Amino acid sequence: MTDISNEQYKISQEPYYRAVGREVELYDAAYARRMPMMLKGPTGCGKSRFVEYMAWKLGRPLITVACNEDMTASDLVGRFLLDKDGTKWQDGPLTTAARIGAICYLDEVVEARQDTTVVIHPLTDHRRTLPLDKKGELVHAHPDFQLVISYNPGYQSLMKDLKESTKQRFGALNFDYPEAELESEIVARETGVDSEIASKLVQIAHRARNLKGHGLDEGISTRLLVYAGELINEGVDPAYACQMTMVTPLTDDPDMRETLEAAVETFF
Ligand code: ADP
C-alpha cells in the first residue's frame, strides 16, 4: 500500500471559478460515470482552475502532473528506488491517484511522448486497471478515480499529437478565453483592480488575440491579464504592467512588439 495520505491532495477551500457555460453540470455528469475527460483550449484560459474547482466540488483529492517530453512511463507509474535497506517501490502520481480515488490531471499531455501516454490506456476503458509491470502488480483503480487531461489544439503538430487510440478514450469539453464582460469580471475579482481597468486590459487582449496567426502563436491569456492586474494593484504604472505581462513575454519580434505597445497606449 502507499504511505501517502490523500489529505495532502484535498482542496480545502473553494477555488474561485466563474462558470462560462454549462461546463460544471456537464463535468458532473461525466464524473458520475467516471468518464475520462479532455479539456481543450489555449493556455491560460481557465482549464486548471476548472479542474481544481470540480475536485473541490466533488470532494475528491486532485493530483496534477505537468507533462513534458522527457517524462517516462515510470515517472507516471512509479519505480524502484535504492535506499539503505535495498530497493523500495515508490508509486508515481498516476498510481497514487488510482489507489486513493483522486482526480488525476495530466496537464499538457501532448508534451509527453506517445509511448508514455499509452500507460493510461488500461485505466481509461472498462478495465480501470494499471499494470505495474516492474513490480508485478495490477492496480485496480479506486471507484472514485478519474483521469483528466488538458490539450491545447494550437500546439499540436504532426510530430506532437495524441494517438487516435488515446483521443478516443475521452469525453471532451471546449474552453476558450471568456467573453469580454466575463473576463473583466474574472480579472477584477482575481486581482482587485476596478472594473474599468479590468475592462481596458481585456480590450488590449482582444486586439492582441486578433494577431494570432499573423505573427503571434497564441493570444494573450487570461492568466497574463491577471498578472497585469496584480502588478497594477501593487502600484505599478499600468503601461509598465502591460509591457511586462502582455508584450515582453509574447514576442521577440520588434514589429510585433510595436504593434502590441500601440494597443497598450490606446488604453493607458
Ligand atoms: P490553463 O489551465 O487553461 O492554462 P488556468 O486555469 O491556470 O489556465 O487559468 C489561468 C488563470 O486565469 C487562473 O489562475 C485564473 O486566475 C484565471 N481564470 C481563467 N478563467 C477563469 C474562470 N473561468 N474563473 C476564474 N478564474 C479564471
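Each value, and the rule that gives it
- Residues numbered from 1 in each chain as written.
- Predicted model: local features only at pLDDT ≥ 70, side-chain atom pairs only at ≥ 80, totals over all residues.
- Helix = DSSP H or I, 4+ residues; strand = E, 2+ residues; numbered from the N terminus.
- Buried ≥ 20, exposed ≤ 12 C-beta atoms within 10 Å, placed from the backbone.
- Contact = placed C-beta atoms within 7 Å.
- Near = placed C-beta within 6 Å.
- Nonpolar A, V, L, I, M, F, W, Y, C, P; charged D, E, K, R; others polar.
- Pairing = 2+ DSSP bridges.
- Axes fitted to C-alpha atoms, helices over the stretch in contact; angles between N-to-C directions.
- Parallel < 35°, antiparallel > 145°, perpendicular 65-115°, else oblique.
- Left-handed = near helix turned anticlockwise from the far one by under 90°.

What am I meant to see in the overall build of the chain here?
Looking only at helices and strands, the chain features 11 helices and nine strands. Its C-alpha atoms put the chain at 65 × 40 × 35 Å along the principal axes. Across the 268 residues in the chain, those meeting the buried criterion constitute 38%. Counting contacts in the chain only where the partners sit at least 6 residues apart, residues at least 24 apart contribute 70% of the total.

Explain the site of the ligand to me, please; I cannot follow it from the model alone.
Around the ligand lies a shell of 18 residues, among which Gly 46, Lys 47, Ser 48, Arg 49 and Arg 223 are the nearest. Looking at side-chain class alone, the shell around the ligand contains seven nonpolar, six polar and five charged residues.

How should the sheet that holds strand β8 (residues 146-151) be read in this particular structure?
Two pairing modes exist for strands in a sheet, parallel and antiparallel, and in both the strands are linked by backbone hydrogen bonds. Strands sit in the order β2-β5-β8-β1-β9 across an open sheet of five strands; the sheet is parallel. The outermost strands of the open sheet, each flanked by one partner alone, are β2 (62-66) and β9 (171-174). Geometrically, the sheet is characterised by an average inter-axis angle of 20 degrees between neighbouring strands, direction not taken into account. In terms of strand pairing, strand β1 (residues 37-40) meets β8 through four bridges, oriented parallel.

So what exactly am I meant to see when it comes to the packing of helix α8 (residues 195-209) against helix α10 (residues 238-247) here?
The geometry of a pair of packed helices is captured by two quantities: the angle between their axes and the separation between those axes. At their nearest, the axes of α8 and α10 sit 12 Å apart, and the two run at 40 degrees to each other. On the basis of the axis angle, α8 is oblique to α10. As for the relative orientation of α8 and α10, their crossing is right-handed in sense. Contact residues: Ile 197, Ile 204, Ala 205 and Ala 208 in α8; Pro 238, Cys 242 and Met 246 in α10.

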